[in-house]
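One letter stands for each residue in the lines below.
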Amino acid sequence: PFTNMNEFPGTKMGIIDFKRAFREVNSRLKKKASSIGVSLTKDIGMDETIRSDEDSRKVMIQLKTLEKLVDLALDLNLSAVKSIEPFPVVTHDTAATKVPYAEEYPVHIELFGTIDDLYSLLKGINKPGSVFILRHIKIDAPSSGNPDLLSINCVMSALIISSKFFALIIASLFFIL
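Residues numbered from 1 in each chain as written. Predicted model: local features only at pLDDT ≥ 70, side-chain atom pairs only at ≥ 80, totals over all residues. Heavy atoms only, no water.

This part takes up the nonpolar core. Counting 39 residues, the largest nonpolar core has Phe 18, Leu 29, Met 46, Leu 63, Ile 109, Leu 111 and Met 156 as the members making the most contacts within it. Among the elements of the structure, α1 (15–36), α2 (56–75), β2 (80–86), β4 (100–113), α3 (115–125) and β6 (150–161) are those that each provide at least two residues to this core. Counting residues per element, this core draws most heavily on α2, at 10 residues. Those residues in contact with Leu 29, other than ones at most four positions away along the chain, are Leu 40, Ile 44, Glu 67, Val 70, Asp 71 and Leu 74. (Core = buried A, V, L, I, M, F, W, Y, C linked by side-chain atoms within 4.5 Å. Buried < 20%, exposed > 50% of the residue type's maximum accessible area, 1.4 Å probe, protein only. Helix = DSSP H or I, 4+ residues; strand = E, 2+ residues; numbered from the N terminus. Contact = heavy atoms within 4.5 Å.)

Okay, α3 next. Note: α-helices contain 3.6 residues per turn, so residues at a spacing of three or four share the same orientation. Asp 117, Leu 118, Leu 121, Gly 124 and Ile 125 are the residues of α3 that are buried. The buried side chains of α3 occupy one side of the element, clustering within an arc of 125° when seen end-on. Those residues of α3 that are exposed and angled more than 90 degrees off the buried face are Asp 116 and Lys 123. The inward-facing, buried residues of α3 abut α2, β4, β5 (132–140) and β6. (Arc of directions from axis to C-beta.)

Over its 22 residues, α1 runs 32 Å from end to end, which matches the ideal 32 Å to within 8%, given 1.5 Å per residue. For α1, the set of buried residues is Phe 18, Ala 21, Phe 22, Val 25, Asn 26, Leu 29 and Ala 33. Along the axis of α1, the buried residues cluster in a sector spanning 130°; they form a single face. Along α1, the residues that are exposed and aim more than 90 degrees away from the buried face are Ile 16, Arg 23, Glu 24, Lys 31, Ser 34 and Ser 35. Buried residues along α1 sit in contact with β1 (39–40) and α2. (Expected span 1.5 Å × (residues − 1).)

Next comes the structure, spelled out in structure tokens:
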């Protein structure tokens, strides 16, 4: 799902590439939601603008993260995707060297669904090949008029681990042995 994404430092992707990808993703998700009768938030949590101080590669990965998460929600046929918003990228580094080994792309999403939908969502993010980790979840009954419907408010993250970090770990294991 996150192929052809270069290593972390200083890599830029084209702004036009991002805008094209954004329009395609936005259009596809809205059509998919409409075709299955699921209410999708007015936007997909971001727009096609990249500020001059933003790394377009990171914004592209945020878009891919949003796409995968909304796709998962739509595939589960949840009642509605009320809101979705990417949070700032979190870079994880080693305490000793401050070398980044992972980037985390958190997304806040608020959904409406049943308890069965919630179980399906949790199973969906735990399937092999899933890129998501659950960071936070809050579940409420949105109204007394429909007790089966839940408001599911959560933060999920896509975690990308540097291949250079894996190579360093492997090399250090051979050195220790």
